[in-house]
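Coordinate analysis (summary)
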Amino acid sequence: MVRAMVLMIVAASLAACVSILPEKKAPEGLYRFGPMEPMHSLDASIVIREPEASRLVGGRAIAAEDSDGALRLVKGVEWTDSATRMMQIALLDTLGGSDGGIAVASDTGAPTDYELAWRISDFTLSGTTARCRIEATLLDGRSRKVLAQTNVSTTAIALDSRNAARAKALTDAGRACVSDVAAFVAEKSVAAKPAS
């Protein structure tokens, strides 16, 4: 009986603690890259990995740099998915393999001619300026030897200082970065010519 009373008091105490914790506010707006049109055709096969990034720029939160250089989360806006996953899907959309090539996600496990490893080093806001910076490395699909590397950097300016407009500008900067990486991949990943 005493044990049952003690358990009820502990359970009531825990229930009270849970109810006083602050509840996470739902964001006012969720943003996404949206589907991208196939713009680059491939003549080889390539695995597109999810890009590497710090948790701050690669997650669902949107960060902005203040005048002191500190990064702060932008209130009321978030991505619908992680920024890294959205960029991977956008790149897969952009690389339409109409010339016999194909781009596949890394979780397929398919052997391919090439592999893309990429890293997002910046995907933040600074005032009304949205910034995206990506380093992309093209690897041989079998030996994983580095074949080519590029750095792309894009910016977009928000129409006003509202957080929604700033998030839209960051979407535009991210889409432009993905488009530049797609152009790099399409140029550098060519099918091997058969020996004559």
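Preceding this section is the structure that the text describes.
What counts, and at which threshold
Residues numbered from 1 in each chain as written. Predicted model: local features only at pLDDT ≥ 70, side-chain atom pairs only at ≥ 80, totals over all residues. Heavy atoms only, no water. Salt bridge = Lys/Arg side-chain N within 4 Å of Asp/Glu carboxyl O. Helix = DSSP H or I, 4+ residues; strand = E, 2+ residues; numbered from the N terminus. Polar contact = N/O pair within 3.5 Å; in protein donor to acceptor, adjacent residues only side chain to side chain. Contact = heavy atoms within 4.5 Å. Buried < 20%, exposed > 50% of the residue type's maximum accessible area, 1.4 Å probe, protein only. Pairing = 2+ DSSP bridges.

Further remarks concern the pattern of salt bridges. Enumeration according to the criterion identifies 11 salt bridges in this entry. The residue Arg49 makes a salt bridge to Glu115 at a minimum N-O spacing of 2.5 Å. Here Arg49 is found in the loop between β2 (45-48) and β3 (52-53), whereas its partner Glu115 is found in strand β7 (residues 114-126), with 66 residues between them in sequence. A salt bridge links Asp113 to Arg142; the nearest nitrogen and oxygen atoms lie 3.6 Å apart. Linking Asp113 in the loop between β6 (102-105) and β7 with Arg142 in the loop between β8 (129-140) and β9 (146-157), this pair joins segments that are 29 residues apart in sequence. Through salt bridges with shared partners, one network takes in Arg49, Glu115 and Arg144.

Let us look at the side chain of Thr124. Relative to the helices and strands, Thr124 is located in strand β7. There is a polar contact of 2.6 Å between the side chain of Thr124 and the side chain of Asp122. In contact with Thr124, other than residues within four places in its own chain, are Val57, Ala63, Leu71, Thr129, Ala130, Arg131 and Leu170.

To continue, consider the pairing of β7. By the criterion of burial, β7 is predominantly enclosed, with 10 of the 13 residues buried. Pairing between β3 and β7: two bridges, direction parallel. Bridge assignment links Ala53 to a residue of β7, and that residue is Ile120. Direction of pairing for strand β4 (residues 61-65) relative to β7: parallel, over a ladder of two bridges. Bridge pairing links Ala64 to Leu125 in β7. In this structure, β7 lies alongside β8, joined through 12 bridges in antiparallel fashion. Within the sheet, the bridge partner assigned to Arg119 lies in β8 and is Glu135. Where β7 hands over to β8, the hairpin turn is made up of two residues, of which Gly127 adopts a positive phi near 65 degrees.

Now for the pairing of strand β5 (residues 71-79). The pairing of strand β1 (residues 29-31) with β5 spans three bridges and is parallel. Counted as the bridge partner of Leu30 is Glu78 from β5. Here four bridges tie β4 to β5, and the two strands are oriented antiparallel to one another. Bridge pairing links Ala63 to Leu73 in β5. Linkage of β4 to β5, two consecutive antiparallel strands, is achieved through a turn of five residues, within which Gly69 is found at a positive phi near 90 degrees.

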